[in-house]
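Listed here are the chains, written in short residue letters.
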There are 2 protein chains.
Amino acid sequence: MEVLTTEQKIIEAARKIFTQKGYAATKTRDIAEEAGINLALLNYYFGSKENLFKQIVNEELEDLFGLMSPFLSDSNTTLEEKIRILVKDYTKLLTENEDLPIFVLNELKNNGNIFNHILQQARTMSQPILDNQLKNNGYTISISDFIMNIVGLTIFPFIAKSLLIASGILKEEEFPQFIRNREKLIPEWIFAILKQSRQ
Amino acid sequence: MEVLTTEQKIIEAARKIFTQKGYAATKTRDIAEEAGINLALLNYYFGSKENLFKQIVNEELEDLFGLMSPFLSDSNTTLEEKIRILVKDYTKLLTENEDLPIFVLNELKNNGNIFNHILQQARTMSQPILDNQLKNNGYTISISDFIMNIVGLTIFPFIAKSLLIASGILKEEEFPQFIRNREKLIPEWIFAILKQSRQ
DNA sequence: GTCTATAACCTGATAGAC
DNA sequence: GTCTATCAGGTTATAGAC
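Keep in mind it's a predicted model, so treat the numbers as computed, not measured. (Residues numbered from 1 in each chain as written. Chains lettered and ligands numbered in written order. Predicted model: local features only at pLDDT ≥ 70, side-chain atom pairs only at ≥ 80, totals over all residues. Heavy atoms only, no water.)

### What about the interface of chain B and chain A?
Selection criterion: By definition in these notes, contact holds between two residues if any of their heavy atoms fall within 4.5 Å. By buried area we mean how much accessible surface two parts lose on assembly, using a 1.4 Å probe and totalling the loss over both. Put simply, a salt bridge is a Lys or Arg side-chain nitrogen that is within 4 Å of an Asp or Glu carboxyl oxygen. Polar contacts, as used here, are pairs of N or O atoms within 3.5 Å; protein pairs need one atom able to donate a hydrogen and one able to accept it. Residues neighboring in sequence count only if both atoms are side-chain atoms.
On the chain A side, the residues contacting the 47 residues of chain B number 47 residues. Note on chain B versus chain A: buried area summed over both sides is about 4,300 Å², and carbon and sulfur give 68% of it. At the junction of chain B with chain A, the criterion picks out two salt bridges. With a shortest N-O distance of 2.8 Å, aspartate 145 of chain A and arginine 182 of chain B are connected by a salt bridge. The interface formed by chain B and chain A includes eight residue pairs in polar contact (both at pLDDT 80 or more).

### Re the relation of the copies chain B and chain A
Note the threshold: Here the copies were fitted onto each other by least squares, based on C-alpha atoms from residues at pLDDT of at least 70 in both.
Superposing chain B onto chain A takes a rotation of 179° plus a shift of 0.0 Å along the axis, which leaves an RMSD of 0.2 Å. What the rotation and shift describe, once combined, is the action of a two-fold rotation axis. When you check the interface residues of chain B against chain A, 100% turn up at the interface there too, and the contact is symmetric in its surfaces.

### Topic: the packing of helix H4 (residues 49-66) of chain B against helix H6 (residues 79-96) of chain B
All names here are of chain B. As a reminder of what qualifies: With axes taken as lines fitted to C-alpha atoms, and helix axes fitted only over the stretch in contact, angles between N-to-C directions fall between 0 and 180 degrees. Every helix listed is a DSSP run of H or I at least four residues long, and every strand listed is a run of E at least two residues long, numbered separately from the N terminus. Orientation is classified from the angle alone, with under 35 degrees giving roughly parallel, over 145 giving roughly antiparallel, 65 to 115 giving roughly perpendicular, and any other angle giving oblique. Each residue receives one of three labels: charged for Asp, Glu, Lys and Arg, nonpolar for Ala, Val, Leu, Ile, Met, Phe, Trp, Tyr, Cys and Pro, and polar for the others, Gly being one of them.
In the contact formed by H4 and H6, the axes pass within 10 Å of each other and the chain directions differ by 150°. Relative to H6, H4 is oriented roughly antiparallel. In this structure, H4 contributes Asp63, Leu64 and Phe65 to the contact, and H6 contributes Tyr90, Leu93 and Leu94. Broken down by class, the residue content of the contact of H4 with H6 amounts to five nonpolar, no polar and one charged.

### A short note on the domain arrangement of chain A
Many authors give the size of an interface as the accessible area that is lost as the parts come together. Residue and element names in this part refer to chain A. Formally: Each domain's extent was defined by an automatic or database domain assignment.
When the domains of chain A are assigned, the result is domain 1 (1-47) and domain 2 (54-198). Centre-to-centre separation of domain 1 and domain 2, based on C-alpha positions: 29 Å. Each partner contributes residues to the interface: domain 1 has nine residues there, and domain 2 has seven residues. Carbon and sulfur atoms supply 59% of the area buried between domain 1 and domain 2, which totals about 760 Å² over both sides. Among the residues domain 1 hides against domain 2, the three largest losses belong to Ile11, Arg15 and Thr19. Together they make up 61% of the total. Inspection of the domain 1/domain 2 interface yields two salt bridges.

### Examining the protein's contact with DNA strand C
Cut-off, in case you're wondering: One heavy atom within 4 Å of a molecule or strand makes the whole residue count as near it.
The local shell around DNA strand C holds 16 residues, among which Lys27, Thr28 and Lys49 of chain A together with Asn38 and Tyr45 of chain B are the closest. Here, DNA strand C places atoms within 4 Å of the protein, and 56% of those atoms are sugar or phosphate. In this structure, a base nitrogen belonging to DNA strand C sits 2.8 Å away from a side-chain N or O atom of arginine 29 of chain A. At 3.0 Å from a phosphate oxygen of DNA strand C is found a side-chain nitrogen or oxygen belonging to asparagine 38 of chain B. Among the secondary structure elements, those contributing two or more residues to the surface near DNA strand C are helix H2 (28-35) and helix H3 (39-46) of chain A together with helix H3 (39-46) of chain B. At four residues, H3 of chain B tops the list of elements feeding residues into the surface near DNA strand C. Looking at the surface near DNA strand C residue by residue, the classes come out as six nonpolar, seven polar and three charged.

Here it is as structure tokens:
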């Protein structure tokens, strides 16, 4: 049983509502209510809605990219291990936080410039090492396609969940099993794509 | 040189701004200005912001799913042809309308129930025929995974474009070539995945 | 059908008491 | 630190003239 400070209560409430509804559709009054505090307190602690929002987005970006960068640049981890770990970690993160990807991608579209300092970390290190690992194995796929395929196959079902369900392709209660199943299959699919690029 | 009626001018303006910014961030004043008419006219023709929005979303959903359903249920088209056509058509649609997918998926998340009547069309026909085509070729992949993989590999780069660019993986001017290249590669990747599922 | 002017409402932010 | 009350500004929608 944790006891949260007022500041933490506001942050948790803001994270929940911002990620659910996006920036524009979120009302500071809703955040205050969700946090169980008064509207004035939100401004006392964070100054403005925009300020609070930036803090949330930065944390979410850390979640989403902190996973990727550190070990992708590790040359002692094999390509196969990296694929399996990446799929597994993202599946876990998104299962616990289903609104995260569409929120981040949506807000990034509108305010891409704000978050450069975080994204710059990810960009630097991993690229040359991954590139070498691909080439050394004779795979001719580009690094952009390689990453896009892994991330796309893993993340897209979460983004398209409402669509899958609304279109009747999948039932709500089947979704968790669908995801667990893909968690095993996606690495095999990625290997199949890689092998085909070597032919 | 087409001459648009006032109603059409409003719809075109609304489509542009709604898909760019989403429902909550869009101001009816901006739509009126973009359409070159007065704010009062918007309400004269469409009654309310929400009404106009629903009409736009319905049209966008038609764009996005009208492509899929009719020919997927055609049993005279081979599986390979379906894959190539689907990837090609979606790539064309999204290239001309880059904001479409994230807009639809985002608004669907918040109002999924409103649009069921359109999505129900897509759900009925195509599923059993596709299922047969997969099974007859000995492919053991599920139809949900099959569709999710094609659509995910094709659409995800458009959704993640801002991320790709902000992270430095790709430059803005390289994006069109990146997409044209994937348009050729994705069907081959899908075939590789299918073959692997037969082993 | 199209406009101007304005009503009615909502939202972010602050002043000031406790 | 936390609250109530309120301001200031913006947004949707409508009334009414042309």
